[in-house]
Amino acid sequence: MKSKTKKLGKTSMAALLALSLGVMAGCSTAGTKDNGGGAATKQTGSSTEKAGSDSAKHEPVTLKYTLWGSPQEKKAMEDATKKFTEKYPWITVNAIHIPEADYDAKITAMVAANEAPDAGYIHGELGEAWQKEDKFINFNDMFAQDKDVKKSDFLDYIWFNGTKPNYTWGISGAGETFALFYNKDLFKTAGVEAPPTKADNAWTWDQFVDTAKKLTLDKNGKNAADPAFDPNNIKQFGVSFENWYGPVMAHVFNNGGDIVSEDGKTFALDKPEAVEAIQRLADLINVHHVAPNPVQAKSIPSQAVALQSKLAAMTMHGQWINLDLGAAKVNYGIGVLPKMKRSVAMGISGANVMFKSTKHPQETWMLTKFLADPAGAIDLYKGGLWMPTLKKWYTDPSLVSQWAENNPAHPEGFKDAFMNNLLNNNVPAPVYYMQNFGKISSMAFTALDPVWMGKQTAAQTMKDIAPKIQPEIQGKYQK
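Cut-offs and rules
Residues numbered from 1 in each chain as written. Predicted model: local features only at pLDDT ≥ 70, side-chain atom pairs only at ≥ 80, totals over all residues. Heavy atoms only, no water. Pairing = 2+ DSSP bridges. Helix = DSSP H or I, 4+ residues; strand = E, 2+ residues; numbered from the N terminus. Axes fitted to C-alpha atoms, helices over the stretch in contact; angles between N-to-C directions. Contact = heavy atoms within 4.5 Å. Parallel < 35°, antiparallel > 145°, perpendicular 65-115°, else oblique. Left-handed = near helix turned anticlockwise from the far one by under 90°. Nonpolar A, V, L, I, M, F, W, Y, C, P; charged D, E, K, R; others polar. Salt bridge = Lys/Arg side-chain N within 4 Å of Asp/Glu carboxyl O. Buried < 20%, exposed > 50% of the residue type's maximum accessible area, 1.4 Å probe, protein only. Expected span 1.5 Å × (residues − 1). Arc of directions from axis to C-beta. Phe/Tyr/Trp six-rings, centres within 6.5 Å; stacked < 30°, edge-to-face > 60°. Lys NZ or Arg CZ within 6 Å of the ring centre and 35° of its normal.

### Things to note about the sheet that holds strand β13 (residues 351-354)
Now for step 1: The sheet built from six strands is open, its strands ordered β2-β1-β3-β13-β5-β4 with mixed pairing. The open sheet is flanked by β2 (91-97) and β4 (159-161), the only strands paired with a single partner. Put simply, the sheet's adjacent strands are angled 25° from each other on average, direction ignored.
Now for step 2: Relative to β13, strand β5 (residues 168-172) runs antiparallel, the two being bridged by two bridges. Paired with S172 across the bridge in β13 is A351.
Now for step 3: The strands that helix α3 (residues 100-112) touches are β1 (61-67) and β3 (119-122); relative to β1, the one it contacts most, it runs at about 150°.

Spelled out as structure tokens, the structure:
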């Protein structure tokens, strides 16, 4: 459920959910999972009988759930909500798919017409505005009433907190971060070693650039390390990346930078650590000639296609493209991002919320919890689109095997570079903690367009934009 939150990104992947009544992965759902054995099928049957008898005790309820995403995501979500209704027959869920480009406008219109969904995805900047208007149910209130699940069951960075004390208005829809995907066939042809999978062993930036040069070829077959290389006629790039806030901030964090100061009072993308990281990315395009510029990138439909079609040997991108790479059966592997001062996993995701206007808050909570449990929508995880937000799906081998093993969407390197790295070596993206993030990031990352085209340095660009952004700095949210 990546969400780049418009020009902040797309994310990216650039939403999902939170928890499960008797439905959490290791609570009551554990007995209803079909792991291929007859016992599981039998338990599912007895659970259905109980659910059928329980339904007679309840008035019928219909919930409206809104989402964006690919056709595969739409189908998987529809299947998941059907499973929810099988478990709770008195609750019907209308899963409403809205194209991401139209999502904010349509949700805003629904809310204005008093037809808000009960729950669903939301972009971080719109959620940030609406939490100030008290439009969402406080997750902390629901946790306080629920004996089956607690916040500590989840990854630590995933909460969207508000301006009021003890107010959590959203939860990450999925565990998502960035790493280095590579085409194994192109690496073999070039005779270069695969990238390391563990952060402790990550390539230095110079090692990464040297490898990218060996993998960048002009129309005559010369690589970018050859003095005879023609940078104006490149047929295969060594690496590709997108320039929305997610991928760029992942490298800023790796160089010890941030978008805002530690105390939340000062714009920080103009500081040396951030400027250096941004310039290094731009130099991949304009100095080393190993990555496409934004104009060239327009001819590449997606980062997954770049790797699949061998237009690029590597891509620095989000975990969600495992969905497309796995479905296309691309011969690919995964390594950690190259380090600058370090290599960390920046956690990122769209948000999932429960609207306060719902007439059915308890059932909305039940649905939200159910969808946060991978057992309810396992195809979205096994297929490569999402990683879980529940910790035990990273640490329990019997659960890990259900989604992250023996399938084409989780190839060599996935567990170390993505799964273990996000669990043990994460930092939150600024969308989680920075007030007024939507406006600030839009201003900052739009200003970088001339940098990617080689027309201006990162240092000069950030120096010019800093006085305009500083008045928009409003601090950080409480943890």
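### Description of the packing of helix α18 (residues 437-446) against helix α20 (residues 458-469)
Now for step 1: For the pair α18 and α20, interaxial distance at closest approach is 10 Å and the crossing angle is 155°. Taken as axis vectors, α18 and α20 run roughly antiparallel relative to one another. The chirality of how α18 crosses α20 is right-handed. Contacts from I440, M443 and A444 in α18 reach M462, I465, K468 and I469 in α20.
Now for step 2: The residue makeup of the contact of α18 with α20, split by class, is six nonpolar, no polar and one charged.

### Quick notes on the pattern of salt bridges
Now for step 1: Enumeration over the complete set of coordinates arrives at twelve salt bridges.
Now for step 2: D134 is paired through a salt bridge with K356; the nearest N and O atoms lie 2.6 Å apart. Taken together, the residues D134 in the loop between α4 (124-131) and α5 (139-145) and K356 in the loop between β13 and α13 (361-372) connect sequence positions 222 residues apart.
Now for step 3: The exposure class of D134 is partly exposed, given its relative accessible area of 30%.
Now for step 4: Of the residues examined, K356 reaches a relative accessible area of 45% and is grouped as partly exposed.
Now for step 5: Across the salt bridge formed by K271 and D270, the nearest N and O atoms sit 3.1 Å from each other.
Now for step 6: According to the relative accessible area criterion, D270 is partly exposed, its value standing at 27%.

### A look at the environment of V344
Now for step 1: Along the chain, V344 turns up in the loop between β11 (332-335) and β12 (345-347).
Now for step 2: Its relative accessible area of 8% is what places V344 among the buried residues.
Now for step 3: Separated by 78 residues in sequence, V344 and L422 have C-alpha atoms that sit 8.2 Å apart.
Now for step 4: Residue contacts for V344: discarding those within four places in its chain leaves F253, N254, N421, N425 and V427.

### Points about the sheet that holds strand β6 (residues 178-183)
Now for step 1: In spatial order, the strands read β9-β10-β6-β11; together these four strands make up an open sheet with mixed pairing. At either margin of the open sheet sits one strand with a lone partner, and together these are β9 (240-241) and β11.
Now for step 2: As paired strands, β9 and strand β10 (residues 314-318) are joined by two bridges and run parallel to one another. Paired with S240 across the bridge in β10 is T315.

### Points about α20
Given 3.6 residues to a turn, an α-helix orients residues that are three or four positions apart in the same direction.
Now for step 1: Over its twelve residues, α20 runs 15 Å from end to end, which matches the ideal 16 Å to within 8%, given 1.5 Å per residue.
Now for step 2: All of the buried residues in α20 are A458, T461, M462, I465, A466 and I469. The arc that holds the buried residues of α20, viewed along the axis, is 135°, so those residues lie on one side. Opposite its buried face, α20 presents the exposed residues K463 and P467, each directed more than 90 degrees away.
Now for step 3: Among the structural elements, α9 (272-286), α18 and α19 (449-452) are those in contact with the buried residues of α20.

### Let's talk about the packing of aromatic side chains
Now for step 1: Under the criterion given, the structure shown has 32 aromatic pairs.
Now for step 2: Ring centres of F143 and F154 lie 6.4 Å apart, and the angle between their planes is 75°; this geometry places the pair in the edge-to-face category. Here F143, found in helix α5, pairs with F154, found in the loop between α5 and β4; they are eleven residues apart in sequence, far enough to count as distant.
Now for step 3: You can call F143 buried: its relative accessible area is 10%.
Now for step 4: Ring geometry for Y245 and F437: centres 4.9 Å apart, planes at 70°, overall edge-to-face. Of this pair, Y245 sits in helix α8 (residues 245-254) while F437 is found in helix α18, placing the two residues 192 residues apart along the sequence.
Now for step 5: In this structure Y245 comes out as buried when scored by relative accessible area, which is 1%.
Now for step 6: Connected via pairs of aromatic rings, a cluster forms that spans W130, F136, Y157, F160, W169, F355 and Y432.
Now for step 7: Seen from the ring of Y167, K164 lies directly overhead, with NZ or CZ sitting 4.5 Å from the centre.

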